[in-house]
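Given next are the chains, with one letter for each unit.
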Amino acid sequence: METGKTAKYLKYAIGEILLVVIGILIALQINNWNEELKYQKSEYSFYKDILSDLEKDSIKLNGLNIYYKNRIKHAGWLLKKVRNPDSPFENVEFGKHVEPLYLGPLPVTYNSSYEAAKSSGAFANFKNEEILKNINQFYADFEELNGIMEATLRSLEFNLEPLMATIPENFITVESM
């Protein structure tokens, strides 16, 4: 009889162990699903936020494009006047064309969502590597554009100041207005 009880006990113990193992495996699977869902929500939230940032960047870039095209026109006007000092103009007109060459907005990006995700390491869990690659390239290009614009402004300051200093004092006279 004792062997029958031992066998029953062993069967019962093995059954209990199997139930516990199956329960643990189910719990692990549910945890994995929850983690995956959390990563998906995080990724979706990032893409939603980055889309908003990119829309703002697009508006800013369009404005900068218009501004810098106008800046080129102002520089062209100034070059014509410097090359032809007999051409009359008013002081206000002169200032209107020179001031935009010195002052202007620099490209500042709305990259807070990108930087937050990058610094938190969230990109490691994102599935769409192609989109991440393109976003990384966009912000790298934006930084390069910022450097180019800063260099252009420094170049204008460096080259325009000496040019302006060579203009005779009587270049702008009452008669030229």
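Bear in mind that the values here come from a model prediction, so they are computed numbers and not experimental data.

Visitor: Describe the nonpolar core, with residues and values.
Guide: Counting ten residues, the largest nonpolar core consists of F46, I50, Y114, A117, A122, F123, F126, L132, I135 and Y139. Among the secondary structure elements, those contributing two or more residues to this core are helix 1 (2-83), helix 3 (112-120) and helix 4 (129-166). With three residues, helix 4 is the single largest residue contributor to this core. Once you skip the residues sitting within four places of it in the chain, Y114 turns out to touch F46, I50, F123, I135, N136 and Y139.

Visitor: So, helix 2 (residues 91-102): which residues are in play, and what are the values?
Guide: Helical geometry note: an α-helix holds 3.6 residues per turn, so side chains three or four residues apart project in the same direction. Helix length check: helix 2 (twelve residues) gives 17 Å between terminal C-alpha atoms against 16 Å at 1.5 Å per residue, within 8%. Along helix 2, the residues classified as buried are F94, H97, V98, P100 and L101. For helix 2, the arc enclosing every buried residue in end-on projection is 160°, short of the 170-degree limit, so these residues lie on one face. Those residues of helix 2 that are exposed and angled more than 90 degrees off the buried face are V92 and K96.

Visitor: I'd like to hear about the packing of aromatic side chains, residue by residue, with values.
Guide: Tallied over the full model, the rule gives ten aromatic pairs. Arranged with centres 5.7 Å apart and planes meeting at 55°, the rings of F138 and F142 form a pair that is tilted. In this pair, F138 and F142 are both assigned in helix 4, four residues apart and thus about one turn of the helix distant. F138 sits in the partly exposed class, given a relative accessible area of 26%. Three or more aromatic residues link up through ring pairs in this structure, and these residues are F46, Y47, Y114, F123, F126, F138, Y139 and F142.

Visitor: Any chance you could break down a nonpolar patch on the surface for me, citing the residues and the numbers?
Guide: A grouping of L10, I14, L18, I22, I26, I30 and W33 is seen on the molecular surface, where their side chains present a nonpolar patch of about 720 Å² in accessible area. Structurally, I22 can be placed in helix 1.

Visitor: Would you mind going over the side chain of H97 in detail, with residue names and values included?
Guide: Structurally, H97 can be placed in helix 2. Take H97: its relative accessible area is 11%, and that puts it in the buried class. Within the local environment of H97, its side chain forms a polar contact with the side chain of H74, the two groups lying 2.8 Å apart.

Visitor: Summarise the pattern of salt bridges; cite the residues concerned and give the values.
Guide: Close approach of charged atoms allows side chains of opposite charge to pair. Applying the stated rule across the entire model yields two salt bridges. Note that K38 is salt-bridged to E35, the shortest N-O span being 3.5 Å. Of this pair, K38 and E35 both sit in helix 1, three residues apart, which is roughly one turn of the helix. Take K38: its relative accessible area is 48%, and that puts it in the partly exposed class.

Rules used throughout
Residues numbered from 1 in each chain as written. Predicted model: local features only at pLDDT ≥ 70, side-chain atom pairs only at ≥ 80, totals over all residues. Heavy atoms only, no water. Core = buried A, V, L, I, M, F, W, Y, C linked by side-chain atoms within 4.5 Å. Buried < 20%, exposed > 50% of the residue type's maximum accessible area, 1.4 Å probe, protein only. Helix = DSSP H or I, 4+ residues; strand = E, 2+ residues; numbered from the N terminus. Contact = heavy atoms within 4.5 Å. Expected span 1.5 Å × (residues − 1). Arc of directions from axis to C-beta. Phe/Tyr/Trp six-rings, centres within 6.5 Å; stacked < 30°, edge-to-face > 60°. Patch = residues over 30% accessible without salt bridge, like charges linked within 9 Å, V, L, I, M, F, W, Y side chains within 5 Å. Areas by Shrake-Rupley, 256 points an atom, 1.4 Å probe, with all protein chains shown as cover. Salt bridge = Lys/Arg side-chain N within 4 Å of Asp/Glu carboxyl O. Polar contact = N/O pair within 3.5 Å; in protein donor to acceptor, adjacent residues only side chain to side chain.

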